[in-house]
Structure formats: C-alpha cells, structure tokens
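One letter stands for each residue in the lines below.
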Amino acid sequence: MASPKKKLQGLVAATITPMTEHGEINFSVIGRYVDYLVEEQGVKNIFVNGTTGEGLSLSISERCRVAEEWVTEGRNKLDQIVIHVGALSLKESQGLVVGHVSKQSTSTESCYVLSTMIDLNTRAQHAAKIGADGIAVIAPFFLKPWNKDVLINFLKEVAAAAPALPFYYYHIPALTGVKIRAEELLDGIQDKIPTFQGLKFSDTDLLDFGQCVDQNRQQQFAFLFGVDEQLLSALVMGATGAVGSTYNYLGKKTNQMLEAFERKDFSSALSHQFCIQRFINFVVKLGFGVSQTKAIMTLVSGIPMGPPRLPLQKASREFTDNAEAKLKSLDFLSFTDLKDGNLEACS
Ligand SMILES: CC(=O)N[C@H](C=O)[C@@H](O)[C@H](O)[C@H](O)CO
Ligand SMILES: CC(=O)C(=O)O
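Bear in mind that the values here come from a model prediction, so they are computed numbers and not experimental data.

Every residue near ligand 2 is listed here: A14, F47, G50, T51, T52, Y170, K200, V243, G244 and S245. Taking T52, its side chain carries an N or O atom lying 2.6 Å from an oxygen atom of ligand 2. The separation between an oxygen atom of ligand 2 and a polar side-chain atom of Y170 is 2.7 Å. Relative to its unbound accessible area of 210 Å², ligand 2 is 94% covered by the protein chains. Among the residues forming the shell around ligand 2, the class breakdown is four nonpolar, five polar and one charged.

Here you go:
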C-alpha cells in the first residue's frame, strides 16, 4: 500500500558523495554537509546516490553505508531523504531496498538501512525508525527495456521490495539511453506500482514533462524537475519541486526564484533564473560534470568533497586544479556572493 506521506516539495539537493584524496568515502563530513544544506542553503530534502552522488560508480555495500550515514545524520534535520537504488541487476536493486532482514547473509549486498521498514506496519513507526522517505530508480541502461511494459515490470519488481516506501521513477534518457517517454510510462502506473509517488524528470523535453503533469493532476504525484538551468520553465508547466546538483550551493538563490514565482513576480523570478543560467553556462563551457560539482561545492561550502570515484574523471583535472581562480574570474557575480549564496550582484 502506498504510504500517504507528505508530498515531496521544493528543492531537493542531489548529494555529492564526499571522498578522501585517495578516493575512499569520507563519511566524517556528512554531518557537516547536512547542516550546511539546511542552515546555509535552506535546502531540506536530499536525493542520495544518484548521478551527482556517483551511485552507479560505488559498490553495493558503499551505497548502503552512504545511505545509512545520510539517514542517521539527516534524521530530525531534513524533511525528506530519497535514496536512489537503481542498478543493472534487479537483485542488487532489490537488495538496496530491502537488504537481508533476517541477517542470515553476510553478503555485502545486504543493506540494513532501508530494510527495517519492511517489518513496520504503521507510517509513524516507519518515519520514526527509518528516516528514508522514498526510493528512486533509473531505467536499466545496458540491456534496455524496449517498451513501456518491460520498463514498468522492472520498476515494479524493485518497488515491490518496499511495499510502504514512496517510489519515484528517475527519468534521465540522455544518460540511460532509455527514451521511453515519461508521459507514456505514467499512464496507469499506479495500477501496476501502488507506491508510485512521482517522477524525477531530468530531460529538456517540456512537451513530455507538461503532459506528465497535465494527465496526472488528480493523483497528487510529485513532479520533480532535474534540469536546474531550466527550472523556471518547468515551474510554469507545473513542477512541484526540483532535484539537482546545483541546489547544493545555489539552493539559497534558487529558493529566491521559487519565492518570486510563488508571489507571481515573474520578472524577478526570471532575473534569478538568468543569474543561475549565467553561472551554469560558465561552468558548462569549462566542462560540467561530477568533478566540477565537487570542486565548486568544496570552494563554496568549505567542506572537502574530494575527487570523483571514476579514474576517467580524475584525468580531467583542468577545472578542478584551477577552480578557485576560474570562479574568482566570474565577472557577473563575486566569489563572496557565490559563497554566501545570495548572488545579489547578479540580479
Ligand atoms: C546530468 C545531471 O547530472 N543532471 C543533474 C540532475 O539531474 C542536474 O542537476 C545538472 O547537474 C544541472 O542541471 C546542471 O546541468
Ligand atoms: C541531479 C540528480 O538528481 C542526480 O544527481 O541524480
């Protein structure tokens, strides 16, 4: 049964997975990171182990431990914690959701953090004891589903591993190569996946996004947009929130845009969006990826995020090595403004 939880709204930071200089996960800074998001950026929801969190580049046991740490540190401070549990192997994905409740196995695939809810009947117990508020899954991206029904069947199997946890489909066709339109997928999805609660839509196709919203307004789904530089257009189309990498350090600025939109001050909302776009465009031209996100967040928050996990990305050190100088060279906003997250200079 779908858990009638409070709807996920507003900004959701796609968390970075902090690492040491040697590429091991640096769990020790996650507590500080939670405080930074809440206190400095006004961001109270997180999306763990997704694209930005390098979820697919971590081992299963690392993903479990990362999720566990965020839940432990974020409990009582954050509103909602969604864990990305997508994997190519259905069993691994289910393991990330359920784990080995019986603890019979010592397998590294066991994942305790999201598992205990399976035994808990009431929503109150679940929220109090677990703290994970939802799971999200991308489409399998090697042997790909070739139509909507095949994809739904996969998602359904993962979702069924947690019959009380809200389930979100993470649509990111440019990275998965699975182009099945979200609007098609959503048609009748709750009949197949009773816990379905929303969509994280990381694509620029506003026709598809708009049709998702238009055709599902009655269901009260969360429509979370994932292209930060285009969020304003998605708000117009009915986005109920947003998940993104830039909300780690541009949360405060983006919240100002959301507030302007709420009070129907569209010209100021647009100024905020243009300011955010100028920043993102600047980084896109230098090459925007996980290394850049880690470098920017380290500079802005003062919390060391370390290098990315994939050696592939380590090879491109040009931005990271010069990140501070590059950011300081921005002429449309000052580095201090960026650090303070107010970016007033820009609007
Ligand atoms: C591909 C990717 O990582 N997309 C992120 C989330 O979906 C976004 O937050 C982007 O990082 C952001 O929109 C900048 O392009
Ligand atoms: C941006 C996002 O949602 C992710 O990193 O998964």
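Below, the discussion takes up the sheet that holds strand β8 (residues 241-244). Spatial ordering of the closed barrel is given by β1-β2-β3-β4-β5-β6-β7-β8, a layout of eight strands whose pairing is parallel. Taken over all neighbouring pairs, the strand axes of this sheet differ in orientation by 25 degrees on average, direction set aside. Bridge analysis of strand β1 (residues 10-14) against strand β2 (residues 45-48) gives three bridges, and the strand direction is parallel. Across the sheet, the residue bridging to A14 is F47, located in β2. The strands touched by helix α2 (residues 60-74) are β2 and β3 (80-84); relative to β3, the strand with the most contacts, the crossing angle is about 180 degrees. Where helix α5 (residues 148-160) meets the sheet, its contacts fall on β4 (134-138) and β5 (167-171), and the angle it forms with β4 comes to roughly 150 degrees.

By size, the foremost hydrophobic cluster in this structure holds 88 residues, and its most contacted members are L155, L231 and F279. The residues contacting L231, other than those within four sequence positions of it, are L11, F225, G241, A242, Y247, T254, M257, L258 and Q273. Counting 13 residues, the second-largest nonpolar core is a separate cluster that includes V12, A14, Y168 and V243.

Contact geometry of helix α11 (residues 251-262) with helix α12 (residues 266-286) gives a least axis separation of 8 Å together with a crossing angle of 160 degrees. As summarised for this structure, α11 and α12 are arranged roughly antiparallel, according to the angle between their axes. At the point where α11 passes α12, the crossing takes the left-handed sense. Facing α11, whose interface residues are K253, T254, Q256, M257, A260 and F261, α12 presents F266, S268, A269, H272, Q273, C275 and I276. The residue inventory of the contact of α11 with α12, partitioned by class, reads seven nonpolar, five polar and one charged.

By the definition in use, this model includes nine aromatic pairs. Here the aromatic residues F196, F221 and F223 are joined through ring pairs into a cluster of three or more. The lysine or arginine in question, K200, covers the ring of F47, its NZ or CZ lying 5.7 Å from the ring centre.

Let's shift gears to the UniProt feature "binding site: pyruvate" (unreviewed entry) in the protein chain. Per the UniProt record, the feature "binding site: pyruvate" (unreviewed entry) sits at T52 and V243. Spanning 192 residues, the named residues form one tight spatial group whose C-alpha atoms are at most 10.6 Å apart. Discounting chain neighbours no more than four positions away, the residues touching T52 are A14, T15, I16, T17, S245, V290 and T293. Tracing the chain through its elements places V243 in strand β8. In this structure V243 touches V12, A14, F47, K200, L224, F225, G226 and D228, once residues within four positions along its chain are discounted.

What counts as what
Residues numbered from 1 in each chain as written. Chains lettered and ligands numbered in written order. Predicted model: local features only at pLDDT ≥ 70, side-chain atom pairs only at ≥ 80, totals over all residues. Heavy atoms only, no water. Near = heavy atom within 4 Å. Polar contact = N/O pair within 3.5 Å; in protein donor to acceptor, adjacent residues only side chain to side chain. Areas by Shrake-Rupley, 256 points an atom, 1.4 Å probe, with all protein chains shown as cover. Nonpolar A, V, L, I, M, F, W, Y, C, P; charged D, E, K, R; others polar. Pairing = 2+ DSSP bridges. Helix = DSSP H or I, 4+ residues; strand = E, 2+ residues; numbered from the N terminus. Axes fitted to C-alpha atoms, helices over the stretch in contact; angles between N-to-C directions. Contact = heavy atoms within 4.5 Å. Core = buried A, V, L, I, M, F, W, Y, C linked by side-chain atoms within 4.5 Å. Buried < 20%, exposed > 50% of the residue type's maximum accessible area, 1.4 Å probe, protein only. Parallel < 35°, antiparallel > 145°, perpendicular 65-115°, else oblique. Left-handed = near helix turned anticlockwise from the far one by under 90°. Phe/Tyr/Trp six-rings, centres within 6.5 Å; stacked < 30°, edge-to-face > 60°. Lys NZ or Arg CZ within 6 Å of the ring centre and 35° of its normal. UniProt positions renumbered as here; feature names shortened; annotations may be inferred.

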